Amino acid sequence: MKTNEQFVITINRELGSGGRTVGRKLAEKLGVDFYDKALIKALEEKYHLTVEEIERLKGRKHNWWADFKRIIALGPAANDQHYYKVAAGELPDLLTTDEMFEAEQEILLGIAQNESCVIAGRSGFYVFREHPNHLNVLIQAPMEQRLTRVMVKQEVFRDEAQEIIKKVDTMRENYINKYTDSSRYDTRNYDLVINMAGITEDQAVELIMSYIKMMNSK
């Protein structure tokens, strides 16, 4: 991946691994915007975006995404507080509709088409598989570390944290299986896999930056 050209970095991560924080800090380090699934979903729900509506916006003007971003004040400041929580009654196999998945892809492609960015999401590695200048990263962590983080972030006890992680892991894997015919744990989908055991988010960012520097020196 070349940083002197327009690029997209995708961060796939396990809940409680700190991957979202790594993605946000990496974006800050690179001086680009950071987007995650929670924000994309909020856009879909708030603006009722469909593939047809996105295509209509694209047809209005060449720089449709920049204008759309300006109108809704989209950017890092709008994206500081998102942390994935499982809603009551949310089932692992009822993830999204085909139309929502297509709309999500269009939004993600629209972002990367107009700017360099870091995107944390369940299907980023698949959506940008043909992007000419991309880097796919997977962030993982030991279960004990994930449990501790979820307990603190969501203010729950250990048993509930275990249930949340189990449910979200199932949801995300089902999503990937359904829409990409792959597994999010298949390391062939990524350029770099980082285990957060014993390292901080800042150290993980430095690992990614070192990898990027190495790739740029080739």
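The residue numbers shown here count from 1 along each chain, following its written sequence. Under the rules for a predicted model, residues below a pLDDT of 70 receive no local features and side-chain atom pairs below 80 are neither given nor counted, while totals for whole chains, interfaces and linings still include all residues. Only heavy atoms go into the side-chain values, all of them from the structure, while hydrogens and water stay out.

### Things to note about helix α9 (residues 201-216)
Here comes step 1: Compared with the 22 Å implied by 1.5 Å per residue over 16 residues, the 23 Å span of α9 between its first and last C-alpha is a close match.
Here comes step 2: Only protein chains enter the calculation, and the probe is 1.4 Å; a residue is then buried if its accessible area is under 20% of its type maximum, exposed if over 50%, and partly exposed in between. Helix and strand definitions follow DSSP, with helices as H or I runs of at least four residues and strands as E runs of at least two, each counted in order from the N terminus. Those residues of α9 not exposed but buried are Glu201, Ala204, Val205, Ile208, Tyr211, Ile212 and Met215. Along α9, the residues classed as buried sweep out an arc of 120° about the axis, all on the same side.
Here comes step 3: Throughout, a residue-residue contact means that at least one pair of heavy atoms, one from each residue, lies within 4.5 Å. Those residues of α9 that are buried lie in contact with β1 (8-13), α1 (19-30), β4 (134-140), α7 (143-154) and β5 (192-195). In this scheme, a helix's expected span is set at 1.5 Å multiplied by one less than its residue total. Summarising the geometry, the arc corresponds to the directions from the helix axis toward the C-beta atoms.

### As for α7
Here comes step 1: Under the 1.5 Å per step criterion, the end-to-end length of α7 is 16 Å for 12 residues, consistent within 8% with the ideal 16 Å.
Here comes step 2: When we look at burial in α7, the residues that qualify are Arg146, Leu147, Arg149, Val150 and Gln154. Looking down the long axis of α7, one finds its buried residues gathered within 170° of arc, a one-sided arrangement.
Here comes step 3: Looking at the buried side of α7, the elements it contacts are α1, α8 (158-180) and α9.

### What to know about the packing of α1 against α9
Here comes step 1: Only the stretch in contact is used when a helix axis is fitted, and all axes are lines through C-alpha atoms; the angle between N-to-C directions ranges over 0 to 180 degrees. At a minimum axis separation of 9 Å, α1 and α9 run at an interaxial angle of 55°. Judged by the angle between their axes, α1 and α9 are oblique. Crossing angle aside, the handedness with which α1 passes α9 is right-handed. Each of Thr21, Val22, Lys25, Leu26, Lys29 and Leu30 in α1 lies in contact with α9, whose residues at this interface are Glu201, Asp202, Ala204, Val205, Glu206, Ile208, Met209 and Ile212.
Here comes step 2: For this scheme, ten residues count as nonpolar: Ala, Val, Leu, Ile, Met, Phe, Trp, Tyr, Cys and Pro. Four count as charged, namely Asp, Glu, Lys and Arg, and the remainder, Gly too, count as polar. Here the contact of α1 with α9 is composed, by residue class, of eight nonpolar, one polar and five charged. Should an angle lie under 35 degrees it is considered roughly parallel, over 145 roughly antiparallel, and from 65 to 115 roughly perpendicular; all remaining angles are considered oblique. Each helix crossing is assigned a hand: it is left-handed if the near helix lies turned anticlockwise from the far helix by less than a right angle, otherwise right-handed if that turn is clockwise.

### Observations concerning the nonpolar core
Here comes step 1: In this text, buried Ala, Val, Leu, Ile, Met, Phe, Trp, Tyr and Cys residues form a nonpolar core when linked through side-chain atoms within 4.5 Å. Formed by 24 residues in total, the largest nonpolar core has its most connected members in Ile9, Ile11, Val118, Leu135, Val137 and Ile208.
Here comes step 2: Looking at this core, the elements with two or more residues in it are β1, α1, β3 (117-120), β4, β5 and α9.
Here comes step 3: Among the nonpolar cores identified, the runner-up in size contains 10 residues, and Tyr35, Leu108, Cys117 and Val127 belong to it.

### A few points about unusual backbone geometry
Excluding glycine, residues mostly carry a negative phi; peptide bonds, for their part, are mostly trans.
Here comes step 1: At Glu155, a residue that is not glycine, the phi angle is positive and equals roughly 55°.
Here comes step 2: Along the chain, Glu155 turns up in the loop between α7 and α8.
Here comes step 3: Residue classification places Glu155 among the exposed residues on the basis of a relative accessible area of 73%.
Here comes step 4: The phi angle at Asp181 is positive, at roughly 55°, despite the residue not being glycine.
Here comes step 5: Looking at where Asp181 falls in the secondary structure, it is placed in the loop between α8 and β5.
Here comes step 6: Take Asp181: its relative accessible area is 73%, and that puts it in the exposed class.

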